[in-house]
Amino acid sequence: MLRELKINNLALIESLHLVFSGKKTNGTSSLVVLTGETGAGKSIILQALNLLSGCKASNTWIRTGADTASVEAFFEIDQDKKTVQNVLFDKGFALEDGLILKRIISEHGRSRYFINDSMATAALVEFVCENLFSVASQHEHQMLLNPRNHLDFIDSVGELWTRREKFAELFSQWTDLKAQQKKLQQQEQDREQRRDLLSFQLKEIRDSSITAGEDEELAAEKKILRSSDTLMELGRMSYDILSDTVVSNLAQVRKYLEQMAQYDQAAREMADRTASSSFELDDLERQLRQYLDNLPSDPMRLEEIEARIDGLQKLKRKYGGPQMELAEVRRYADQAEQELAELDSMDERLAGIGKKLATLEKELVEQADALSETRKKTAIELEKSISRELSTLSFSTAEFKAEFEAVEKDLLELTQSGWDRVEFMFSANLGEPLKPLVKIASGGELSRLLLGLKCILARRDQVGTVIFDEVDAGIGGQAAEDIALKIKQLSGHHQVLCITHLPQIAAKADEHFRVTKILRDKRTRTEITLLDAESRITELARMLAGDSVTGETIAFAKGLLKKGKIEN
């Protein structure tokens, strides 16, 4: 049950803290209504709760001048709500006095979620919210008009979602296997041609005996061979200068410095350094001689290298990928070898997939049949329940039916939700034939149908709070009184928050809040005020007559409020 709601810097709300009493004096749940002029910001409350339950956020919702917006709600959790408690306990969240959920939206559009002041994932908070409150809004009116959603309503009423999700998992396994089978069958048609091609390609690569980095090594050797004459000439000139001039002259310098050191120790360091340099130059002379002796100059070897490089380039162009790398050629060979092995085992793999498919298809049909049978039983119960609900909502002669489309039991007709395609049929008047809901239902009729569905669902689900956002659209007269009474009855076992324009509903509230839009410091703000008895009369009169309130209007408002108190 929602006990507190805090909103900061969301749309027109700068700062708001609502406290709901939660229960009436007799211990049952309560009806909370929010009323106000159109555009005052009533639906911001709904928007805040939707944000809390994980709906997509936009930084445009943050109040101008603020860096973040936040929504925070405190829920009391009944001891019998074991699903939520067990999940939160498994995730490491302790429940003591209640549960605090919070979402902060930054100016960059990112969000952070919290449970009892500890960071939490969006998925976990969304799951918790689904089990704490449900929303009936104009959006759900549109869902009711779309036949694709009608099966969802039946599965919700029949509590079949767990079975449906298990079936969807099985269906997904089946479709994945079918895709694998189709791919293998297509490969099988071209298997021999593909085998010949892969065998040829693999032989071509393997016969080339490629080694890692071979192309780079060959390129370096080719460069040396093509430059051998230049290298020889430069090397010989360097050797001649080194041996004829540098080494012999340095030897003479070394001799002189040795003699100087005998007379003056200050020359000893220079003599030693010269000796070291002389040894280094002798070694360099020998190394240069060896280099010249070993310098390759073989036109035949150059031709071999160029031919090998050309062959490697052809392989890289064919198998080396966009970058034409030799490593990719070797990788391609490994993949070809693996594919050849797979081609050899294709018959065995196809047979294995066929067996798995046969088992899966049998299980799919059995589950789809069982799910369909249960749905049809649920639909019959739903038709009876809706008829009972509608009879209390000024629809004494209305007829409602969930019509299942006849489907051939062919696996190609299966979807992830099973065999069934269903559409709600409706007739508001006695003697009129049933027709698709989308073609005949008015706004007021949809509102009553949705309210009836919500009442049916509320008796089955675990949510403690049900929120109605102007589901009374298009309602007036006796129907308005009937809807008000139905919502009041629902509040006997659920906390009900109702955003409404109907004074008949507002008069039955246990708590009545008025939403107003004001201008302060040249900024527009939305404020919400809990009304006392006198203020409620004024607000009910406004709802009845707008700006044309008279004494009779006030008297009528008092009468509505008195009647509502008696029913409380």
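The structure contained in this document is the topic of the report that follows. Keep in mind that what you see is a predicted model, and the values were worked out from it rather than measured.

**Considerations on the overall build of the protein chain**
Then, in step 1: In terms of regular secondary structure, the protein chain is built from 19 helices and 15 strands.
Then, in step 2: Rg of the C-alpha trace for the protein chain: 43 Å, well past the compact-globule value of 24 Å for 568 residues, more than 25% over.
Then, in step 3: For the protein chain, the residues scored as buried account for 43% of the 568 residues in total.
Then, in step 4: Pairs at least 24 apart in sequence give 73% of the contacts found in the protein chain among residues at least 6 apart.

**Some thoughts on the packing of aromatic side chains**
Each aromatic ring pair is summarised here by two numbers: the centre-to-centre distance and the angle between the ring planes.
Then, in step 1: In total, this model carries seven aromatic pairs according to the counting rule given.
Then, in step 2: A centroid spacing of 5.0 Å and a plane angle of 55° characterise the contact between Phe400 and Phe424, whose relative ring orientation is tilted. On the criterion of sequence distance, the pair formed by Phe400 in strand E9 (residues 399-404) and Phe424 in strand E10 (residues 422-427) is long-range, its members being 24 residues apart. Like Phe424, Phe400 is buried.
Then, in step 3: What links up through ring pairs into an aromatic cluster is the set Phe153, Phe400 and Phe424.

**Notes on the pattern of salt bridges**
Then, in step 1: Following the criterion strictly, the structure yields 30 salt bridges and no others.
Then, in step 2: For Asp155, the salt bridge identified is with Arg375, shortest N-O distance 2.9 Å. Remark: Arg375 occurs in helix H13 (residues 346-391) and Asp155 occurs in helix H5 (residues 150-157); sequence separation between them is 220 residues.
Then, in step 3: What makes Asp155 buried here is its relative accessible area of 0%.
Then, in step 4: Its relative accessible area of 0% is what places Arg375 among the buried residues.
Then, in step 5: For Arg301, the salt bridge identified is with Glu221, shortest N-O distance 2.9 Å. Of this pair, Arg301 sits in helix H11 (residues 299-319) while Glu221 sits in helix H8 (residues 214-226), and the two are 80 residues apart along the sequence.
Then, in step 6: Note on Arg301: relative accessible area 29%, which makes it partly exposed.
Then, in step 7: Each of Asp152, Asp155, Arg164, Arg375 and Asp420 takes part in salt bridges that share partners, so that together they form one network.

**With respect to helix H2 (residues 82-90)**
The α-helix winds at 3.6 residues per turn, so residues separated by three or four positions along the chain end up facing the same way.
Then, in step 1: All of the buried residues in H2 are Val84, Gln85 and Leu88. Each buried residue of H2 lies within a common arc of 95° when the element is viewed along its axis, so the set occupies one face.
Then, in step 2: Contact partners of the buried residues in H2: strand E5 (99-106), strand E6 (111-115) and helix H3 (122-130).
Then, in step 3: Trailing H2 by a residue or two, Gly92 shows a phi angle of about 90°, which is positive.

**Focus: the state of the cysteines**
Then, in step 1: Counted under the stated rule, the structure contains zero disulfides.
Then, in step 2: Left unpaired, Cys55 is separated from the closest cysteine sulfur, that of Cys129, by 10 Å.
Then, in step 3: Note on Cys55: relative accessible area 29%, which makes it partly exposed.

**Comments concerning the sheet that holds strand E1 (residues 2-10)**
Then, in step 1: Taken together, the six strands give an open sheet; going across it, the order is E2-E1-E4-E5-E6-E7, and neighbouring strands pair in antiparallel fashion. Whereas interior strands pair on both sides, the edge strands pair on one side only; in this sheet they are strand E2 (13-19) and strand E7 (118-120). Averaged over neighbouring strand pairs, the angle between their axes works out to 15° when direction is ignored.
Then, in step 2: In terms of strand pairing, E1 meets E2 through six bridges, oriented antiparallel. The residue of E2 that forms the bridge with Glu4 is Val19.
Then, in step 3: Packing of helix H1 (residues 43-52) onto the sheet brings it into contact with E1, E2, strand E4 (68-75), E5 and E6, and relative to E1 it is tilted by some 100°.
Then, in step 4: Lying over the sheet, H3 contacts E5, E6 and E7, oriented at roughly 55° with respect to E6.

**Comments concerning the nonpolar core**
Then, in step 1: Ranked by internal contacts, the top residues of the largest apolar core, which has 57 residues, are Leu144, Leu382, Phe424 and Phe468.
Then, in step 2: The element that contributes the greatest number of residues to this core is helix H15 (residues 443-458), accounting for eight residues.
Then, in step 3: Residues contacting Leu144, with those up to four places away along its chain left out, are His150, Phe153, Phe424, Leu437, Leu446, Leu449, Leu450 and Leu453.
Then, in step 4: Listed in part, the 48 residues of the second largest apolar core include Leu2, Leu18, Ile62 and Val125.

**Re unusual backbone geometry**
Then, in step 1: One non-glycine residue, Asp117, lies in the positive phi region at around 70°.
Then, in step 2: Here Asp117 lies in the loop between E6 and E7.
Then, in step 3: A relative accessible area of 61% means that Asp117 is categorised as exposed.
Then, in step 4: Residue Asp521 is not a glycine yet carries a positive backbone phi of 55°.
Then, in step 5: With respect to the element layout, Asp521 can be found in the loop between strand E14 (511-520) and strand E15 (523-530).
Then, in step 6: Of the residues examined, Asp521 reaches a relative accessible area of 64% and is grouped as exposed.

Rules behind the numbers
Residues numbered from 1 in each chain as written. Predicted model: local features only at pLDDT ≥ 70, side-chain atom pairs only at ≥ 80, totals over all residues. Heavy atoms only, no water. Helix = DSSP H or I, 4+ residues; strand = E, 2+ residues; numbered from the N terminus. Rg over C-alpha atoms; globule rule 2.2 N^0.38 Å. Buried < 20%, exposed > 50% of the residue type's maximum accessible area, 1.4 Å probe, protein only. Contact = heavy atoms within 4.5 Å. Phe/Tyr/Trp six-rings, centres within 6.5 Å; stacked < 30°, edge-to-face > 60°. Salt bridge = Lys/Arg side-chain N within 4 Å of Asp/Glu carboxyl O. Arc of directions from axis to C-beta. Disulfide = S-S within 2.5 Å. Pairing = 2+ DSSP bridges. Axes fitted to C-alpha atoms, helices over the stretch in contact; angles between N-to-C directions. Core = buried A, V, L, I, M, F, W, Y, C linked by side-chain atoms within 4.5 Å.

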